[in-house]
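Commentary on secondary and tertiary structure
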Amino acid sequence: MGRPPAWQASAPLANLRRRAEIVARIRCHFAAEGLLEVDTPQLCLATVTDPHLQSIEVAGYGYLQTSPEYAMKRLLAAGSGSIWQIAHVFRGNECGRRHNPEFSMLEWYRVGCTPERLMAEVATVARLALGEVGCVSHRYRDLFRQHLGLDPLTCDTAALRQAAQARLDPAFDDADRDTWLELLMSQAIEPHLGRDELCFVIDYPPSQAALARLRSDRDGQPVAARFELYFRGVELANGYHELLDAGEQRRRFAADLQRRSELGLPAVPIDEEFLAAIDSGLPDCSGVALGLDRLVMLAVDAGSLQEVLNFPCRRG
């Protein structure tokens with residue numbers, strides 16, 4: 001049997017029906033919890049500074065958003081209370097079995113919520129799609145010690161480079177500390193996470209805090225108040241105890257722009273309205289972004305996102 005005509009959906013109708021059922025359960029969950037559903041714009045004048053994310057520019061209009069985070073935090077600062085949405089978001093150069101340049105992100109923020117309480121809810125939401133699966137939590141530091149025999153918070157860059165070159169045959173010889181950490185995490189550790197249960201990773205290095213605040217771990221080491229969720233080796237969610245210091249956030253953005261310049265990446269404008277919102281008084285909150293397409297992919301035991309998307313991106 002040949003391939004279906006190009007105009008047809010890439011996902012079987014059974015998978016699309018299952019996707020609709022999962023979305024309906026998610027919507028019922030947040031309605032029962034009293035969270036306000038919002039709908040923020042995905043075309044904005046500014047975008048993220050993160051050098052690992054490529055925003056798609058729309059000439060004359062700004063950028064398609066990689067996440068609804070900035071706009072949602074502006075609503076939080078304006079007094080919205082706890083909020084959620086399912087948004088279409090966009091990231092350039094992300095194509096593959098688990099990637100599509102346009103994808104659906106489930107993102108929500110709870111005011112006055114600790115990361116631990118939010119992690120419990122993330123597990124609840126994941127089970128709406130995956131069924132009753134178990135749940136474990138590991139520190140980032142402990143995973144590196146277990147799988148690589150390295151302490152990622154204290155070892156030097158040379159040790160990270162040596163570990164990567166011994167195991168992964170990287171395509172480069174020189175990189176900064178975080179690049180080696182992220183390579184080792186994604187290639188040597190992530191495939192082992194959440195094989196039969198939900199797996200949270202907590203306490204990331206401070207340099208990977210992004211928009212999270214910092215705290216001290218049980219060993220007295222500074223870490224990012226951040227978590228990620230994995231299932232069957234697939235990263236599903238990324239959550240923060242949100243940073244409330246606009247000055248610190250501006251310094252992090254400036255460091256991102258410096259790194260972009262060093263890597264030869266295009267400069268992007270800092271979102272001044274987002275920083276103004278934080279400065280006006282962002283409430284204490286925790287937030288998380290969950291890849292909805294990946295969650296559905298795992299729920300239907302599909303081999304790729306193309307099996308749960310209507311019409312995945314095709315480059316002309």
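Sequence positions are assigned chain by chain, starting from 1 and proceeding in written order. With pLDDT at 70 or above as the cut-off, local features in this predicted model cover only qualifying residues; side-chain atom pairs require 80 or more to be listed or tallied, and sums for whole chains, interfaces and linings still use all residues. As a rule here, side-chain values come from all non-hydrogen atoms in the structure, and water together with hydrogens is ignored.

It is worth spelling out helix H7 (residues 246-262) at this point. Strands here mean DSSP runs of E at least two residues long; helices mean DSSP runs of H or I at least four residues long; both are numbered from the N terminus. Given the number of residues in a helix, its expected span is that number minus one, multiplied by 1.5 Å. End to end, H7 covers 24 Å across 17 residues, agreeing with the expected 24 Å (1.5 Å per residue, within 8%). Between buried and exposed lies partly exposed: a residue is buried under 20% and exposed over 50% of the maximum accessible area for its type, with that area taken using a 1.4 Å probe on protein chains only. Three or more residues of H7 are buried, namely Ala-246, Gln-249, Arg-252, Phe-253 and Arg-260. All buried residues of H7 fall inside an arc of 120° around its axis, so they share one side. The outward face of H7, more than 90 degrees from its buried face, is lined by the exposed residues Arg-251 and Ser-261. Any two residues whose heavy atoms approach within 4.5 Å are treated as being in contact. On its buried face, H7 sits against helix H2 (69-77), strand S9 (214-216) and helix H8 (272-281). By the N-cap criterion, in which a side-chain oxygen at the helix start approaches the backbone nitrogen of a residue two or three places on, H7 is capped by Asp-245, the distance to Gly-247 being 2.9 Å. Positive phi shows up at Gly-264, right after H7, with a value of about 75°. To be clear, the arc concerns the directions from the helix axis to the C-beta atoms. Any N or O atom pair separated by 3.5 Å or less is treated as a polar contact, with the protein-specific requirement of one donor-capable and one acceptor-capable atom, and with residues adjacent in sequence counted only for side-chain atom pairs.

What follows covers the environment of Thr-154. Mapped onto the secondary structure, Thr-154 falls in the loop between helix H4 (140-148) and helix H5 (157-167). Along the primary structure Thr-154 and Pro-205 are separated by 51 residues, whereas in three dimensions their C-alpha atoms are 9.8 Å apart. Here Thr-154 is in contact with Arg-141, Arg-177 and Gln-221, once residues within four sequence places are set aside.

Turning our eyes to something else, we now look at the pairing of strand S12 (residues 285-291). Most of S12 is tucked away, with 7 of its 7 residues classed as buried. Residues Cys-285, Gly-287, Ala-289 and Gly-291 point to one face of S12 and Ser-286, Val-288 and Leu-290 to the other, with burial holding for every one of them. Strands are treated as partners if at least two bridges between them are detected by DSSP. Pairing analysis gives 7 bridges linking strand S6 (residues 102-111) to S12, with the strands arranged antiparallel. Bridged to Leu-106 within S12 is Leu-290. Bridge analysis of strand S11 (residues 234-241) against S12 gives 5 bridges, and the strand direction is antiparallel. The residue of S12 that forms the bridge with Gly-239 is Val-288.

Now for the packing of aromatic side chains. Pairs were defined over the aromatic rings of Phe, Tyr and Trp, the Trp ring being its six-membered one, requiring ring centres within 6.5 Å. Orientation was assigned from the angle between planes: stacked under 30 degrees, edge-to-face over 60, tilted for the rest. Enumeration over the complete set of coordinates arrives at 9 aromatic pairs. Of the aromatic side chains, those joined through ring pairs into one cluster are Phe-30, Trp-84 and Trp-108. Just above the ring of Tyr-204 sits the side chain of Arg-226; from NZ or CZ to the centre is 4.3 Å. Cation placement over rings: the criterion is NZ of Lys or CZ of Arg within 6 Å of the ring centroid and within 35° of the ring normal.

Glancing now at the packing of helix H1 (residues 13-33) against helix H3 (residues 115-130). Fitted lines through C-alpha atoms serve as axes, helices being fitted only where they are in contact, and the angles separating the N-to-C directions of these axes extend from 0 to 180 degrees. Remark: H1 packs on H3, axes separated minimally by 8 Å, with the N-to-C direction vectors making an angle of 145°. Seen along the crossing, H1 lies across H3 with a hand that is right-handed. Each of Arg-18, Ile-22, Arg-25, Ile-26, His-29, Phe-30 and Glu-33 in H1 lies in contact with H3, whose residues at this interface are Glu-121, Thr-124, Val-125, Leu-128 and Ala-129. Should the near helix be turned anticlockwise from the far one by less than a right angle, the crossing is termed left-handed; should it be turned clockwise, right-handed.

As a general feature of sheets, a regular strand has side chains that alternate between the two faces. By the criterion of burial, S11 is predominantly enclosed, with 7 of the 8 residues buried. The turn linking strand S10 (residues 222-231) back onto S11 is made up of 2 residues, and Arg-232 within it adopts a positive phi angle of 55°.

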